[in-house]
Amino acid sequence: MSRPDDSAPQNPVVDVRKAVVTLGSQRVLHSVDLEVRPGELVALLGANGSGKSTLLRTVVGALGLDSGSARLFGHDVSRHRAHQQLGYVPQHAAESGNIPATARETVATGLLGPRAWFPRARDLRVDALLSDVGLSGLADRPVTAMSGGQRQRVMIARALVRGPSFLVLDEPFSGVDIASRELIAGIFRRLHSRGTTILVVLHDLGELEDDITRAVVLDEGRVIHDGPPSQRPRLDPGHDHELRPVPALGQELDS
Amino acid sequence: MLTPWDLLTSDIMRYPLIIAVLIGLTAPIVGTYLVQRRLSLLGDGLGHVALTGVAMGWLVGAWVSTTPHDALAIPGALTASVLGALAIEYVREIGHTSRDVALAILFYGGIAGGVVIIQLAGGTSQNLMAYLFGSISTVTSSDLGITVVLAAIVLAVGIGLRGLLFAVTGDEEFARASGLPVRATNLLIVVIAALTVTLAMRIVGALMVSALMIVPVATAQTLVIGFNRTMRWAMMVGLVCSLGGLVLTAYVNLPPGGVIVLLAIGMYAVGVAVRAVRERVRAHRAQEVEAPA
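Each value, and the rule that gives it
Residues numbered from 1 in each chain as written. Chains lettered and ligands numbered in written order. Predicted model: local features only at pLDDT ≥ 70, side-chain atom pairs only at ≥ 80, totals over all residues. UniProt positions renumbered as here; feature names shortened; annotations may be inferred. Helix = DSSP H or I, 4+ residues; strand = E, 2+ residues; numbered from the N terminus. Buried ≥ 20, exposed ≤ 12 C-beta atoms within 10 Å, placed from the backbone. Contact = placed C-beta atoms within 7 Å. Rg over C-alpha atoms; globule rule 2.2 N^0.38 Å. Expected span 1.5 Å × (residues − 1). Pairing = 2+ DSSP bridges. Axes fitted to C-alpha atoms, helices over the stretch in contact; angles between N-to-C directions. Left-handed = near helix turned anticlockwise from the far one by under 90°.

- An unreviewed UniProt entry annotates chain B as ABC transporter of Brachybacterium phenoliresistens.
- Recorded under Sequence similarities (unreviewed entry), the UniProt text for chain B is reproduced unchanged: "Belongs to the ABC-3 integral membrane protein family."

- With an unreviewed UniProt entry as reference, chain A is termed Zinc ABC transporter ATPase, source organism Brachybacterium phenoliresistens.
- Quoted verbatim from the Sequence similarities (unreviewed entry) heading of the UniProt record, the comment on chain A is "Belongs to the ABC transporter superfamily."

This is the structure:
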């Protein structure tokens, strides 16, 4: 359903093989494989602590591997050869700095890269992106003073400002109001229809239910499902598994 | 009565005035990044470590009989504060000790080392006073030379690489995914902090250096929004404080470091008051808009 079989020699966008990651003394990923092909919209699902955010961070090169390999567009992730094609929206960003930056300043940091350390202060792309996410009137507002949904839209504009062909997002809908959820889902659909590859960590399929081409489900650092979203194992049918984990999966979950 | 021209042309004040301008501009630049990274007290720790460096410089100077006796004090302070900065960043990175404990060890170790080593060098802790609290009477032309070079480095890095430093201090995770040199940038920030401590300690004093890094930033934050504007306003506040404080001490016999820092705190208080008034006015206007409806 999701893999374009006719384009055999094309490099996968993401190619993670036997990834093992240990954080502190805890093994978070146990030999995980993940492949994402061009044009796919892949959802990464799993309970809290299942390792989905960790897997995402290894995919974008923010976290190193103990063993295994992670390649982005055919290049070793740690060498950042393909960063220009990558747009990343981390979880709960914009809360780290202590001086409130404006939306425009925050989005402009998306223009930086391994060999691009001097962004132009008034890049037209920054304003265009802010207008795309419906925030052109708030360009000079501090991001910290915005609602969860507006903040997330700033983060998405920051990820998109360099014109990536691959978008990676960590729970883009968490803490986001309904209106922003729909606007953000609309942005994803538009990008996907134009051929942008998307890998997204989600609590539940929600707004994107009909658009997702493949679901990868993690449990305790292992992939337990990789295929059509309709066939994924139900963790707790009818309920948000984050809130009510079933005993078999949830024995050691902390929330 | 001294005119400003007399001040500029007097031999005693010319060097300190140049240094004051450089301190006033550089300290708030570094302070902006430190506040952004929640490392406001780093400058304080480095000031303490610099004291050990001053005493080490003194000790080496005594061995090789330099004249004056403390000719190597500033190079010593520079070496010690840079090493201290690298140690702090290393501790932060490996994350075994919490950051505030590491800073505390740096504080006390630095000051204890200074007091003990100065005695070994044949001096007394009295000799450290000028470095602890700042002084203008002892600024030599070689001090000026070192200060100008250090300030030029801090300005070039702090302003020239502003985009990179802002991106890394603002969101390290995103910076990593963008392929930015996060580790090198973090090191660069603590190293320019160490350079600033060294160049500022002669006039402001090791115990008060950090105030000139942090208080102008806090003042700017009461008045403006945005990272770049905060930095620009902090530089203006820093310049006004350091120059104003120094000029004041030419007329009134007061220690420059203390006067500069009190001026900065005074400006912060004014900033807080201005913000409070502004918020009142804004709330009042909002009420007026609502009332007719």
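**Looking at the overall build of chain A**
Part 1 of the reasoning: What chain A contains, in helices and strands, is six helices and ten strands.
Part 2 of the reasoning: Taking all 255 residues of chain A together, the buried fraction comes to 45%.
Part 3 of the reasoning: Taking contacts inside chain A between residues at least 6 apart in sequence as the whole, the part at least 24 apart equals 69%.

**Re the overall build of chain B**
Part 1 of the reasoning: Helix and strand counts for chain B stand at 13 helices and zero strands.
Part 2 of the reasoning: Start at the N end of chain B and walk to the C end: the helices and strands fall as α-α-α-α-α-α-α-α-α-α-α-α-α.
Part 3 of the reasoning: For 293 residues, the compact-globule estimate of 2.2 N^0.38 gives 19 Å, and chain B sits close to it at 20 Å.
Part 4 of the reasoning: Expressed along its principal axes, the backbone C-alpha trace of chain B runs to roughly 80 × 55 × 30 Å.
Part 5 of the reasoning: Expressed as a percentage of its 293 residues, the buried residues of chain B come to 52%.
Part 6 of the reasoning: Within chain B, contacts between residues at least 6 apart in sequence are counted, and of these 75% link residues at least 24 apart.

**With respect to helix H4 (residues 73–94) of chain B**
Part 1 of the reasoning: Over its 22 residues, H4(B) extends 32 Å from the first C-alpha to the last, a length consistent with the 32 Å expected when each residue adds 1.5 Å.
Part 2 of the reasoning: Within the span of H4(B), buried status applies to Ala73(B), Ile74(B), Gly76(B), Ala77(B), Leu78(B), Ala80(B), Ser81(B), Val82(B), Gly84(B), Ala85(B), Ile88(B) and Glu89(B).

**Thoughts on the interface of chain B and chain A**
Part 1 of the reasoning: Contacts between the two partners involve 26 residues from chain B and, on the opposite side, 27 residues from chain A.
Part 2 of the reasoning: Of all the elements in the fold, those that place two or more residues in the side of chain B that touches chain A are helix H2 (11–36), helix H8 (162–170), helix H9 (172–177) and helix H12 (227–251) of chain B.
Part 3 of the reasoning: Ranked by residues supplied to the side of chain B that touches chain A, first place goes to H8(B) with six residues.

**Things to note about the pairing of strand S4 (residues 67–72) of chain A**
Consecutive side chains along a regular strand alternate between the two faces of the sheet.
All names here are of chain A.
Part 1 of the reasoning: Looking at chain direction, strand S1 (residues 14–23) and S4 are connected through five bridges and run antiparallel. Directly across from Val16, in S4, lies its bridge partner Ala70.
Part 2 of the reasoning: As paired strands, S4 and strand S5 (residues 75–76) are joined by two bridges and run antiparallel to one another. Bridge pairing links Arg71 to Asp76 in S5.

**Overview of the sheet that holds strand S8 (residues 197–201) of chain A**
All names here are of chain A.
Part 1 of the reasoning: Pairing is mixed in the open sheet, where six strands are placed in the order S6-S7-S8-S3-S9-S10. Two strands in the sheet have a free side with no partner beyond their single neighbour: strand S6 (86–89) and strand S10 (222–227). In this sheet, adjacent strand axes meet at a mean angle of 15° when their direction is disregarded.
Part 2 of the reasoning: Across four bridges, the pairing between strand S3 (residues 41–45) and strand S9 (residues 214–219) is parallel. Residue Ala43 lies in a different strand from S9, and its bridge partner there is Ala215.

**Some details on the environment of Arg141(A)**
All names here are of chain A.
Part 1 of the reasoning: As for its position among the elements, Arg141 is in the loop between helix H3 (124–132) and helix H4 (148–160).
Part 2 of the reasoning: Along the sequence, Arg141 and Pro90 sit 51 residues apart, while their C-alpha atoms lie 21 Å from each other.
Part 3 of the reasoning: Setting aside residues up to four positions removed in sequence, Arg141 forms contacts with Thr102, Ala103 and Met146.

**Structural notes on the sheet that holds strand S2 (residues 26–36) of chain A**
Residue and element names in this part refer to chain A.
Part 1 of the reasoning: Strand order in the open sheet formed by four strands is S2-S1-S4-S5, with antiparallel pairing between adjacent strands. The two strands at the open ends of the sheet, each matched to only one other strand, are S2 and S5.
Part 2 of the reasoning: Sitting on the sheet, helix H1 (residues 52–59) is in contact with S1, S2 and S4, with an inclination near 120° to S1.

**Notes on the packing of H2(B) against helix H10 (residues 182–204) of chain B**
All names here are of chain B.
Part 1 of the reasoning: Between H2 and H10, the least distance of the axes is 9 Å, while the angle of their chain directions is 145°. Regarding H2 and H10, the two cross each other, and that crossing is left-handed. Seen from H2, the contacting residues are Pro16, Ile19, Ala20, Leu22, Ile23, Thr26, Ala27, Val30, Tyr33 and Leu34; seen from H10, they are Ile189, Ile192, Ala193, Thr196, Leu199, Ala200, Arg202, Ile203 and Val204.

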